[in-house]
Amino acid sequence: MYDFDWSSIPGALPFLWTGMKVSLQITVTAVVVGIAWGTLLAMARLSSMKLLAWLAAGYVNLFRAIPLVMVLLWFFLIVPQLLKGLFSLDPNTDVRLVSAMVGFALFESAYYAEIIRAGIQSVPKGQAAAAAALGMSYAQAMRLVVLPQAFRNMVPLLLTQAIVLFQDTSLVYVSALADFFGAAYKVGDRDGRLVELLLFAGLVYFVLCFVLSQIVRRLHKRLATA
Amino acid sequence: MITIDKVSKHYGSFQVLTDCSTQIAKGEVVVVCGPSGSGKSTLIKCVNGLEPFQSGTITVDGVSVGDPKTNLPKLRSRVGMVFQHFELFPHMSITENLSIAQEKVLGRSKDEARSKGLALLERVGLKAHADKFPGQLSGGQQQRVAIARALSMDPICMLFDEPTSALDPEMINEVLDVMVELAQEGMTMMCVTHEMGFARKVANRVIFMDKGRIVEDDAKDAFFGAPRSERAQQFLAKILSH
């Protein structure tokens, strides 16, 4: 029987919290940028301009057909070099966090684009027609009439995607960036208590995500009845 | 006011409108009727450019709708439109529905837009509902708000696309009353509707469409007296027999 020893966890909590902050930073950036860029992609995909729609569809299909971990690796390998070259940064500057954020944001925006596209399509066409008939430009009709209704319908899906995204941030371990998972791994490795630390990390992920998804479920019910 | 000249439209190989021509003078009320699928809704949507058309020209107050150089939003802001399914904005209160385009399109101040909106609500008899949301109103009430919303832009003419088709029978009259009043005040109106009572009461002319063509374009009395085409006679016999 394996001999569990949890004693290395309490002392490691501050370090683990630092890791959690990295995970949350990446999640929040990817959600915010992902929704903004995803909205533009969704509108481009639904645009009557063929080239624009084609480019957006290409982007979305490309990112959705590649494993996230590979996208992250490419970004870790290429983006830091690129940034360093472009801005003649000190070779020792750590741009791993930034490249992780960029990688996640670009990847997730492909998924958000699809959610948002479905959301826009869920708004009856007559709404856009009514807005246009009142003299609103396409941008005004989108911003004032269509998107507010679309986002209202989409909130639960967007949050669910954010929860999945939060779990996926653990993939940044490929760059040895110390997010929450990476931090737990490091502590476990150092103290020879990998099993305990990874069980603990798993528990934290589970509790956070489970609680959040319950909140989303409640919200979904409330929106459905409203 | 509105000139439609040899307008044709097709979706792929399906011909929706064929060579439609008519004119609507300032202050005229014209009712467009015909069996479903005859293209009447499509035609009225061409007038403010909500539906594109491939050939022919439509001018509204001297502005060509099909001209790519035309500022369509600007033209549409001067042409009121009322839809079959009301299309009030469900995430905004009634007051916001009435003021949003006044503010964002015409650049009116919040106060000006609000008081204009309230005055129009009073006119359609719904002032008490100003702070409700569209979902809290009946169909007839929503359609009256929609008419008020279109009027809030001070339109030069009004387009009605089957404004009573989605309503329960007992709500049709409250909407028609508002439309009759509007017609009697001299508003230029183009109405796609099957409400022949409304047509008899206020229309100057009746246009009958079938299979994408304008089959009859007569003065009201001539149309109801003796339509020239057999198709229009059959149509009238059907809808007036009950």
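Before reading further, recall that the structure is shown in the block above.
Criteria and thresholds
Residues numbered from 1 in each chain as written. Chains lettered and ligands numbered in written order. Predicted model: local features only at pLDDT ≥ 70, side-chain atom pairs only at ≥ 80, totals over all residues. Helix = DSSP H or I, 4+ residues; strand = E, 2+ residues; numbered from the N terminus. Rg over C-alpha atoms; globule rule 2.2 N^0.38 Å. Buried ≥ 20, exposed ≤ 12 C-beta atoms within 10 Å, placed from the backbone. Contact = placed C-beta atoms within 7 Å. Pairing = 2+ DSSP bridges. Axes fitted to C-alpha atoms, helices over the stretch in contact; angles between N-to-C directions. Parallel < 35°, antiparallel > 145°, perpendicular 65-115°, else oblique. Left-handed = near helix turned anticlockwise from the far one by under 90°. Nonpolar A, V, L, I, M, F, W, Y, C, P; charged D, E, K, R; others polar. Core = buried A, V, L, I, M, F, W, Y, C linked by C-beta atoms within 7 Å. Expected span 1.5 Å × (residues − 1).

Got a minute to help me understand the overall build of chain A in this structure?
In terms of helices and strands, chain A carries eight helices and zero strands. What you see in chain A, going N to C, is helices and strands ordered as α-α-α-α-α-α-α-α. A principal-axis box enclosing the C-alpha atoms of chain A has dimensions of 70 × 50 × 25 Å.

I would appreciate a short explanation of the overall build of chain B in the present structure.
Looking only at helices and strands, chain B has nine helices and 10 strands in total. Rg of the C-alpha trace for chain B: 18 Å, near the compact-globule value of 18 Å for 242 residues, within the 12% margin. Structurally, chain B occupies a C-alpha span of about 50 × 45 × 30 Å along its principal axes. Counting every position in chain B, which comprises 242 residues, the buried fraction comes to 45%. By sequence separation, contacts in chain B at least 24 residues apart represent 64% of the contacts at least 6 residues apart.

Would you mind showing me how to read the pairing of strand β3 (residues 29-33) of chain B here?
Two faces belong to every sheet, and in a regular strand the side chains alternate between them. Residues and elements named next belong to chain B. Most of β3 sits out of view: five of its five residues are buried. Of the two faces of β3, both are covered, the one formed by V29, V31 and C33 as well as the one formed by V30 and V32. Pairing of β3 with strand β8 (residues 189-192) involves four bridges; the strand directions are parallel. Bridged to V32 within β8 is V192. Pairing analysis gives four bridges linking β3 to strand β9 (residues 205-210), with the strands arranged parallel. Residue pairing in the sheet places V32 in a bridge with I207 of β9.

Is there a simple way to think about the packing of helix α1 (residues 8-45) of chain A against helix α4 (residues 96-122) of chain A in this case?
A pair of packed helices is characterised by two quantities: the angle between their axes and the separation of those axes. All names here are of chain A. Running from N to C, α1 and α4 cross one another at 45 degrees; their axes reach a closest spacing of 5 Å. The angle between α1 and α4 falls in the class oblique. Judged by the twist between their axes, the crossing of α1 over α4 is right-handed. Of the residues in the contact of α1 with α4, the class split is 17 nonpolar, five polar and three charged.

What is the right way to read the interface of chain B and chain A from this model?
Interfaces are frequently sized by the accessible area removed from exposure as the parts join. The partner chain A presents 16 residues to the 18 residues of chain B that form the contact. Going through the elements one at a time, α2 (72-76) and α3 (94-104) of chain B are the ones with two or more residues in the side of chain B that touches chain A. Classifying every residue of the side of chain B that touches chain A gives 10 nonpolar, four polar and four charged.

Can you walk me through the nonpolar core in this structure?
Nonpolar side chains tend to gather and get buried jointly when the protein is soluble and globular. Judged by nonpolar contacts, the single largest core of 123 residues is most densely connected at A184 of chain A together with V32, V47, M189 and M190 of chain B. In terms of residue count, the dominant contributor to this core is α1 of chain A (11 residues). Setting aside anything within four residues of it in sequence, one finds V47 of chain B in contact with I2, I58, V60, V65, L159 and M190 of chain B.

What's the story with helix α7 (residues 180-191) of chain A in this structure? I'm lost.
Owing to its 3.6 residues per turn, the α-helix brings residues three or four apart onto one side. Residue and element names in this part refer to chain A. Across its 12 residues, α7 extends 17 Å between first and last C-alpha, which sits within 8% of the 16 Å expected from 1.5 Å per residue. When we look at burial in α7, the residues that qualify are F180, F181, G182, A183, A184, Y185, V187 and G188. Just past α7, the residue G192 takes up positive phi, approximately 70 degrees.

Looking at this structure, I do not really get the sheet that holds β8 of chain B. What am I missing?
Remark on secondary structure: sheet strands pair via backbone hydrogen bonds, oriented parallel or antiparallel. All names here are of chain B. Judged by pairing direction, the sheet is mixed, and its six strands sit side by side in the order β6-β7-β8-β3-β9-β10 without closing on themselves. Bordering the open sheet on either side are β6 (79-82) and β10 (213-219), each of which pairs with just one other strand. Each strand of the sheet is rotated relative to its neighbour by a mean of 15 degrees, with strand direction disregarded. Pairing between β9 and β10: six bridges, direction antiparallel. From the neighbouring strand, R205 faces β10, where its bridge partner is A219.

Got a minute to help me understand the sheet that holds strand β5 (residues 63-64) of chain B in this structure?
Residues and elements named next belong to chain B. Spatially, the four strands line up as an open sheet ordered β2-β1-β4-β5, and their pairing is antiparallel. Strand pairing shows two members of the sheet lacking a second neighbour, β2 (14-24) and β5, which therefore form its edges. Where strand β1 (residues 2-11) meets β2, seven bridges bridge the pair, whose relative direction is antiparallel. The residue bridging I4 from the neighbouring strand is T22, located in β2.

Is there a simple way to explain the pairing of β6 of chain B in this structure?
Residue and element names in this part refer to chain B. Covered by surrounding structure in β6 are V79 and M81 together with G80 and V82, the residues of both alternating faces. As paired strands, β6 and strand β7 (residues 157-161) are joined by four bridges and run parallel to one another. Bridged to G80 within β7 is M158.

So what exactly am I meant to see when it comes to the environment of G135 of chain A here?
Examined against the element boundaries, G135 of chain A turns out to sit in the loop between α5 (125-133) and α6 (138-168). By C-beta crowding, G135 of chain A is classed as buried, having 25 other C-beta atoms within 10 Å. Leaving out residues up to four positions away in the same chain, G135 of chain A has contacts with P73, K74, R76, S77, A101, V105 and M153 of chain B.

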